[in-house]
Structures are given as C-alpha cells and as structure tokens.
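Geometric and topological summary
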Amino acid sequence: MLISLFCGSTGLQSANRATLEAAEVALRSLNHTSLHCTSVNEIPIFEPNVDLPVAVVTLSEQFEESDAVLFAIPEYGGGAAGWAKNALDWMVGTGSLYGKVVGITSSGTTGGANSIEQIARTLTWQGAIVVATFGISTPKTKSDPSGRLTDSTTLQQIESLVERLVKSANGTDETRLRFRAETLSPLQIHPDDRRPPPS
Ligand SMILES: Cc1cc2nc3c(=O)[nH]c(=O)nc-3n(C[C@H](O)[C@H](O)[C@H](O)COP(=O)(O)O)c2cc1C
C-alpha cells in the first residue's frame, strides 16, 4: 500500500515531522510504501477563482494516488496551525480527500487535542474517513537532541496508529466505519456532517 505523510509544520526541527518519520519506519517494517507530501511551505494562501497553483495540484494528486494519508498537524494558540488548514481548504475544490482513509496526529506541548479535533472535523466535512488519531504531549521529553522520537511507548503507539490506518485501508467497509465511529464519537463529530460527494 502507499501511505502519504502530510506534515503541517513549517519548522526545521519539527516534532510533527519526527512523528511521520517514525510512522515511515513502522510502515516499512510492514512492507508498505510511504511518500512525504509536498511541503506545506509551498502551498500559497487560498484564493478563490484562480487556477489551482502547481503545488496544490501536486498535493491533491499525492492524496488521490495514496491508499491512505497520515496528517501530523501542530497546534498553535489552541487550534490547528492555520497554514495546514489553508492547505486543506484548497483540497475542497479538488475533492481529492473524498472517501480517503486518514489518520491524524499532533505533537506539541499539551498533545494537540484542539488541532486533532479541528482537522478531524474539516477532513470529515471533506468526506475523508478519519479512522485514527494520536496526540503526543511534551515531545522534547520523548526525543533525542536531534529531535528523533526515542520513547518506546510513543513509538509503539505510532506503530499501532499505522497498523490501524493500514487495516482500515485494506479492510472492509464495516471495519472502516467501525474505526471511524470509534474515532469521531469522542470528538463529538458526526460522520454525516459533510458536503455532498464531488460531481
Ligand atoms: C506561538 C505558539 C503557540 C503554541 N500554542 C500551542 C497550543 O495551543 N497547544 C499546544 O499543544 N502547543 C502549542 N505550542 C507548541 C507547539 O505546538 C510545539 O512547539 C510543536 O512542537 C510545534 O510543532 P513542530 O515541532 O512540528 O513544528 C505553541 C507554540 C508556539 C510557538
């Protein structure tokens, strides 16, 4: 399977990118392929009524071609990083996340619960099937000085997240919908709170 990894951080040494790098290792050990998506730094601010910028088209194609997507989105000021939401707003016009199996992580001081909730809501609205979430608090205490995640419990939790994502993408509709209900219910997001399918 091909799993795309979208990092919502603009930072050079990023805790969220470190999560995706650990996920990449876990995917490789399960014989799956991963792809680091176009950098969020390349995505311009959303503008209606313009041709889609090349970076946006590339990102939407990366989503479309993958069997599942894992998002790692930092939290700033009690919400999802604005530039990451901006990148997702472009995807409304492409429909590339409709029906896509997705997982969401956030790594930051308090564990990014607000970021996860907001990203789960907008992805659900876009028709994505959110099947797993995982927040990592105080990531510096779980990493080596280079920022690589080293905490064994956290690495195991990332492996579990990846397994659940792959199981959902590989599995039956029943599995996907059960995982989605388990994921969205605590966030008080209704799975049917979404736009109509793209025509
Ligand atoms: C201005 C600012 C606001 C922040 N707000 C939050 C927040 O609301 N919740 C949280 O968990 N972390 C917050 N953080 C911590 C960041 O989420 C944390 O530094 C995270 O590691 C950033 O992601 P990155 O390392 O992937 O770039 C904030 C950091 C800054 C600089």
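Given the structure is predicted, the values throughout are model-derived calculations rather than measurements. (Residues numbered from 1 in each chain as written. Predicted model: local features only at pLDDT ≥ 70, side-chain atom pairs only at ≥ 80, totals over all residues. Heavy atoms only, no water.)

The next thing to look at is the packing of aromatic side chains. Under the criterion given, the structure shown has five aromatic pairs. Judged by centre distance (4.8 Å) and plane angle (70°), the rings of F46 and W90 are edge-to-face. You can see F46 sitting in the loop between β2 (33-36) and α2 (54-65) and its partner W90 sitting in helix α3 (residues 82-94), a full 44 residues away along the chain. Ring pairing ties together the aromatic residues F6, F63 and F71, which thus form one cluster. Sitting over the face of the ring of F179, R164 holds its NZ or CZ atom 4.1 Å from the ring centroid. (Phe/Tyr/Trp six-rings, centres within 6.5 Å; stacked < 30°, edge-to-face > 60°. Helix = DSSP H or I, 4+ residues; strand = E, 2+ residues; numbered from the N terminus. Lys NZ or Arg CZ within 6 Å of the ring centre and 35° of its normal.)

Right, let's get into the sheet that holds strand β6 (residues 101-108). Strands sit in the order β2-β1-β3-β6-β7 across an open sheet of five strands; the sheet is parallel. Two strands lie at the open edges of the sheet, namely β2 and β7 (129-137), each paired on one side alone. The sheet shows a mean angle of 20° between the axes of neighbouring strands, taken without regard to direction. The sheet strands contacting helix α1 (residues 15-29) are β1 (2-7), β2, β3 (68-72), β6 and β7, and the helix crosses β1 at an angle near 170°. (Pairing = 2+ DSSP bridges. Axes fitted to C-alpha atoms, helices over the stretch in contact; angles between N-to-C directions. Contact = heavy atoms within 4.5 Å.)

What follows deals with α1. Given 3.6 residues per turn, any residue in an α-helix points the same way as the ones three and four places further on. Helix length check: α1, at 15 residues, gives a terminal C-alpha distance of 22 Å against a target of 21 Å (1.5 Å per residue), a fit within 8%. Burial in α1 covers these residues: N16, A18, T19, L20, A22, A23, E24, A26 and L27. The inward-facing, buried residues of α1 abut β1, β2, β3, β6, β7 and α5 (152-170). Between the side-chain oxygen of the N-cap and the backbone nitrogen of N16 there are 3.2 Å, and the N-cap of α1 in question is S14. (Expected span 1.5 Å × (residues − 1). Buried < 20%, exposed > 50% of the residue type's maximum accessible area, 1.4 Å probe, protein only. Polar contact = N/O pair within 3.5 Å; in protein donor to acceptor, adjacent residues only side chain to side chain.)

Moving on to the pattern of salt bridges. Throughout the structure, instances matching the rule amount to six salt bridges. Two residues, D89 and K85, come together in a salt bridge whose shortest N-O distance is 2.7 Å. Pair noted here: D89 and K85 are both in helix α3, with a separation of four residues, about one helical turn. Classification of D89 as partly exposed rests on a relative accessible area of 26%. When the shortest N-O distance is used, the salt bridge between R176 and D173 registers 2.7 Å. Placement of the pair is R176 and D173 together in helix α6 (residues 173-184), with a separation of three residues, close to one helical turn. Each of R164, R178 and E182 takes part in salt bridges that share partners, so that together they form one network. (Salt bridge = Lys/Arg side-chain N within 4 Å of Asp/Glu carboxyl O.)

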